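Survey of secondary and tertiary structure
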Amino acid sequence: MALFFILGGKSRNVEKPAVAEAVIQTPSVPDKEEEEQLTASVLQRNRPLRINISVDDPSFLKVKVGDEIKAGDIISDNSKERERLERQKKSIKLQIENLTSKTLIAPTPPPPTPLIRSLPPSAFEEEQANISQAELKLKQAKAVLASRFKLLTTDNPERRAEFEKAGATFAIASQKIQEQEQMIAAMNDMKMQSEILQHEQSKLKQLQSELDQAQSAVDQARAKLDNSAILQSQELEQLKTNISLAESELSVAKSRLEAAKNRRQMQEYQASVEENKRIQSETQARQDYERARLQYEEALRNKEYQLAQLNISLTSIEDKIAEIPVIRSPKNGYVKKVKPWLGKDGKYSTTITIVSNNFSSKNGGSDRFNSTDNSSKSTTPSKADSKPTNPR
C-alpha cells in the first residue's frame, strides 16, 4: 500500500494553524500487459480515498457525510482566523485610502509689499460744514419747543370737552334711574297692577342699559383724554430730546474737527516711519513662508512614513493569510464517512472517506455509500492546495 501525506504549512499567527494529513490507500500497479494496466488505472481512480485530518478545532472541517465534493473544493480551513485577518486587512486598506486621499496644500510665496502712498493735502471743510449744520439743527429744535410748549403743557381742549359731555350724559342717566326706581317703589306701595309694574321694570332695564352705555362713553372719553396727555408728554419729551441730540451732534462735530486735526498730525508723524514698517512686514512674510514650507515638507514626510508603515502591516497580514493551511479535495466524489473526532494534546483528528461518483455503479451497488474499499488498483491523487482561498 502506498501512503500519500497532505500537510498544511505552519502559520506565524498567534493561533495554531490547521494541520491535516491524508493517507490514501493505493495498491501497487503490477507489471502486466498494456490493456490490464489501463483497466487497473481506471479502477485505481475510482478507489475510495481516505484522508486523515489533524486540526486545532473541529470547526475547521467544512464537509459532512453525504456532501458532494469536487476536485479543489475545501475540506478543512481555519475560516475564523482567515476572516479575522481579512478584517484587519480591510481596516489597513481603509487607513491607506484615507491617508492617500488627504491633500497637503503647499504654501505660496508672499506677494510683494506695495509701496506707500504720499499723504494728500490737509482739508477740514467737511468737519466745518458738519459744525454749521449741527448749529442750525439746534436752533430749529429750540424754536419748535418754544412754540409748542404752552400747548403741550395743558389738556387737549377737544378731549376735555368730550370727557365733560360724557360725564354729563352719565349724570343724567343716573338721575333717570333713581327717579324710575322711586316710581316703581311707590307703585309697589300703592299695589298697582302687575302689567304696569312690568312695563316700568322694562323701562328701568332700558335706563340701566343707557347708564351702562353712558359709563362706557365716560371711560372711553377718559381714556382718550389720558392718552392725549401721554402723547403730549411724549411729544414734549421728544422735543427736549431733539434739543439734546442737536447739542450732542454739535459737540460731536466740534470733536471731529479737533480729532481730524490731531489725526492729520499723527498721519504726518507715521509717514516718516511707514517705510520701515513696510520693510519689517516684508521680512516677516518671508519668514512665515519659510516656516510654512518647512511644516509642509515635514507633513509630506510624515504621510509617506505612515503609508510605508501601513503597507508593511498590510504585507504582513497578507503573508499570514497566505500561510493559513487549506486542505482541498484531490478528486470528485461524495463524502462517505467522517470518523468521530479524537482529541489529544490540544489537537483533534478524524478520517474522512471520499468515494467517486461512479464507484457504486461500477461495483454493482444501488447506493453510492455501499461501495467497498478493496480495489486492486488506484491512481495517486494530487496534493491538497495550501494557498488561501475563501471557504465554500
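Rules of the game
Residues numbered from 1 in each chain as written. Predicted model: local features only at pLDDT ≥ 70, side-chain atom pairs only at ≥ 80, totals over all residues. Heavy atoms only, no water. Helix = DSSP H or I, 4+ residues; strand = E, 2+ residues; numbered from the N terminus. Buried < 20%, exposed > 50% of the residue type's maximum accessible area, 1.4 Å probe, protein only. Contact = heavy atoms within 4.5 Å. Areas by Shrake-Rupley, 256 points an atom, 1.4 Å probe, with all protein chains shown as cover. Pairing = 2+ DSSP bridges. Expected span 1.5 Å × (residues − 1). Bend = angle between axes of the 7 residues up to and from the residue. Salt bridge = Lys/Arg side-chain N within 4 Å of Asp/Glu carboxyl O. pLDDT = per-residue confidence, 0-100. Patch = residues over 30% accessible without salt bridge, like charges linked within 9 Å, V, L, I, M, F, W, Y side chains within 5 Å.

Points about the overall build of the protein chain
Regarding its fold elements, the protein chain presents six helices and eight strands. Counting only residues that meet the buried cut, the protein chain has 28% of its 392 residues in that class. Put simply, of all contacts in the protein chain between residues at least 6 apart along the chain, 81% involve residues at least 24 apart. On the protein chain, roughly 26,000 Å² of surface is accessible, and the fraction owed to carbon and sulfur atoms is 52%.

Looking at unusual backbone geometry
Of note in this structure, Asp345 is not a glycine but carries a positive phi near 55°. Tracing the backbone through its elements, the reader meets Asp345 in the loop between strand 7 (342–344) and strand 8 (347–355).

Section: the environment of Lys254
Relative to the assigned elements, Lys254 resides in helix 5 (residues 194–323). Sequence spacing of Lys254 and Ala134 is 120 residues, and the spatial spacing of their C-alpha atoms is 9.5 Å.

Quick look at the pairing of strand 2 (residues 49–55)
The alternating pattern of strand 2 places Leu49, Ile51, Ile53 and Val55 on a buried face and Arg50, Asn52 and Ser54 on a face that is not buried. Here strand 2 runs beside strand 8; their pairing, made up of seven bridges, is antiparallel. Each residue of the ladder has a partner; that of Arg50, found in strand 8, is Thr353.

Overview of helix 3 (residues 125–152)
With 28 residues, helix 3 extends 40 Å between its outermost C-alpha atoms, agreeing within 8% with the 40 Å of an ideal straight helix rising 1.5 Å per residue. The largest bend in helix 3 amounts to roughly 30° and is located at Ala146. Of all the positions in helix 3, only Glu127, Ile131, Ala134, Leu138, Ala141, Leu145 and Leu152 are classed as buried.

Concerning the pattern of salt bridges
The final tally for this structure, using the stated rule, is 12 salt bridges. Linking Lys89 and Glu318 is a salt bridge whose minimum nitrogen-to-oxygen distance equals 3.8 Å. Here Lys89, found in helix 2 (residues 79–101), pairs with Glu318, found in helix 5; they are 229 residues apart in sequence, far enough to count as distant. By relative accessible area, which is 33% here, Glu318 ends up partly exposed. Between Lys137 and Glu249 there is a salt bridge; the shortest N-O distance is 3.1 Å. On the criterion of sequence distance, the pair formed by Lys137 in helix 3 and Glu249 in helix 5 is long-range, its members being 112 residues apart.

Some points on helix 2
Taking 1.5 Å of rise per residue, the 23 residues of helix 2 would be expected to cover 33 Å, and the 32 Å separating its terminal C-alpha atoms lies within 8% of that figure. Those residues of helix 2 that sit buried are Ser79, Glu81, Arg82, Leu85, Lys89, Ile92, Ile96 and Leu99.

A short note on the environment of Ala246
Position of Ala246 among the secondary structure elements: in helix 5. In this structure Ala246 comes out as buried when scored by relative accessible area, which is 0%. Taking the C-alpha atoms as reference points, Ala246 and Ala134, 112 residues apart in sequence, are found 6.2 Å from one another. Beyond its immediate stretch of four places on either side in the chain, Ala246 contacts Ala134, Lys137 and Leu138.

Some words on the side chain of Arg278
Within the secondary structure, Arg278 sits in helix 5. Classification of Arg278 as buried rests on a relative accessible area of 16%. Beyond its immediate sequence surroundings of up to four residues, Arg278 is in contact with Thr113, Pro114, Leu115 and Ile116.

Here we look at the confidence of the model for the protein chain
Note that predicted coordinates carrying low pLDDT should not be read in detail. For the protein chain, per-residue confidence averages 76 on the pLDDT scale, and residues scoring 70 or more make up 78% of the total. Here residues 1–30 is modelled with pLDDT under 50, and outside its nearest four sequence neighbours on either side it reaches 89 contacts, counting other chains as well. Below a pLDDT of 50 lies the segment residues 360–392, which in the model reaches 90 contacts outside its immediate sequence neighbourhood of four places, other chains included.

Quick notes on the side chain of Thr353
Within the secondary structure layout, Thr353 lies in strand 8. Look past the residues within four positions of Thr353 in its chain and what remains in contact with it is Pro48, Leu49, Arg50, Tyr334, Val335, Lys336 and Lys337.

Concerning a nonpolar patch on the surface
Taken together, the side chains of Met190, Met192 and Ile196 define a hydrophobic patch exposed on the protein surface, amounting to about 260 Å² of accessible area. Tracing the backbone shows Ile196 in helix 5.

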